[in-house]
Amino acid sequence: MKTPKVERLKINYKTLEEFQKFREYGLQELSMLEDLQSNIIENDSNSPFYGIYLDGQLIARISLYRIDAKYDRYFKPAQDYYELWKLEVLPQYREQDYGTALVNHAKSFGLPIKTNARCRSNDFWLKMGFQPVNYDPVRDRGENPFVWLPPGVQLQ
């Protein structure tokens, strides 16, 4: 199988309609829909979503939010990093490396990445080269953080 093409998703009605097929459809998408309806968001806005299309249908997506270094409580030296919020592949396309392609795309930006292992996904994140961090109740507030460190970056 050739490597799937990952593209930045435009925020428009078509994309938001496609998002409704995913289980993790939530407040972020609803607020984008409200923004669209009040004409704030342009089609070319810098969306935090990236996705993979197959035969014109969105089958996998990831959301990446760039976090400013001043909020970094994970990495040494403190720096900008990506918070990976949603990684989701439609059920019929799982186990075909689409999630791997999306995570590799996120790594290609060269910044550290923090995510939370949800839905018993620890093994996937370990396989992708992420590591669990020592739980800090104040910092992590009930989350299950995993991080990916590019060369030259360490945990605090």
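Conventions we followed
Residues numbered from 1 in each chain as written. Predicted model: local features only at pLDDT ≥ 70, side-chain atom pairs only at ≥ 80, totals over all residues. Heavy atoms only, no water. Helix = DSSP H or I, 4+ residues; strand = E, 2+ residues; numbered from the N terminus. Buried < 20%, exposed > 50% of the residue type's maximum accessible area, 1.4 Å probe, protein only. Contact = heavy atoms within 4.5 Å. Areas by Shrake-Rupley, 256 points an atom, 1.4 Å probe, with all protein chains shown as cover. Phe/Tyr/Trp six-rings, centres within 6.5 Å; stacked < 30°, edge-to-face > 60°. Pairing = 2+ DSSP bridges. Right-handed = clockwise from strand over helix to strand, strands pointing away.

Undergrad: Please explain the overall build of the chain as it appears in this structure.
TA: Per the secondary structure count, the chain includes 5 helices and 9 strands. Going from N to C terminus, the chain has its helices and strands arranged as β-α-α-β-β-β-β-α-β-α-β-α-β-β. Counting every position in the chain, which comprises 156 residues, the buried fraction comes to 45%. Within the chain, contacts between residues at least 6 apart in sequence are counted, and of these 64% link residues at least 24 apart. Total accessible area on the chain is roughly 9,100 Å²; 50% of this is exposed by carbon and sulfur atoms.

Undergrad: Just checking my understanding: could you explain the packing of aromatic side chains for this structure?
TA: Tallying each qualifying case throughout the model produces 8 aromatic pairs. When the centroid spacing of 6.4 Å and the interplanar angle of 70° are considered together, the rings of Tyr74 and Tyr81 count as edge-to-face. By relative accessible area, Tyr74 is classed as buried at 4%.

Undergrad: Help me out: how do you make sense of the pairing of strand β6 (residues 113-116) in this one?
TA: Burial along β6 is two-sided: the residues Ile113 and Thr115 and Lys114 and Asn116 are all buried. Across 3 bridges, the pairing between strand β5 (residues 81-89) and β6 is parallel. Counterpart to Glu83 in the pairing with β6 is Lys114. Tracing the backbone out of β5, into helix α3 (residues 98-107) and back to the parallel element β6 gives a crossover that is right-handed. The sheet contact formed by β6 and strand β8 (residues 145-148) spans 4 bridges and is antiparallel. Bridging across to β8, Lys114 finds its partner in Val147.

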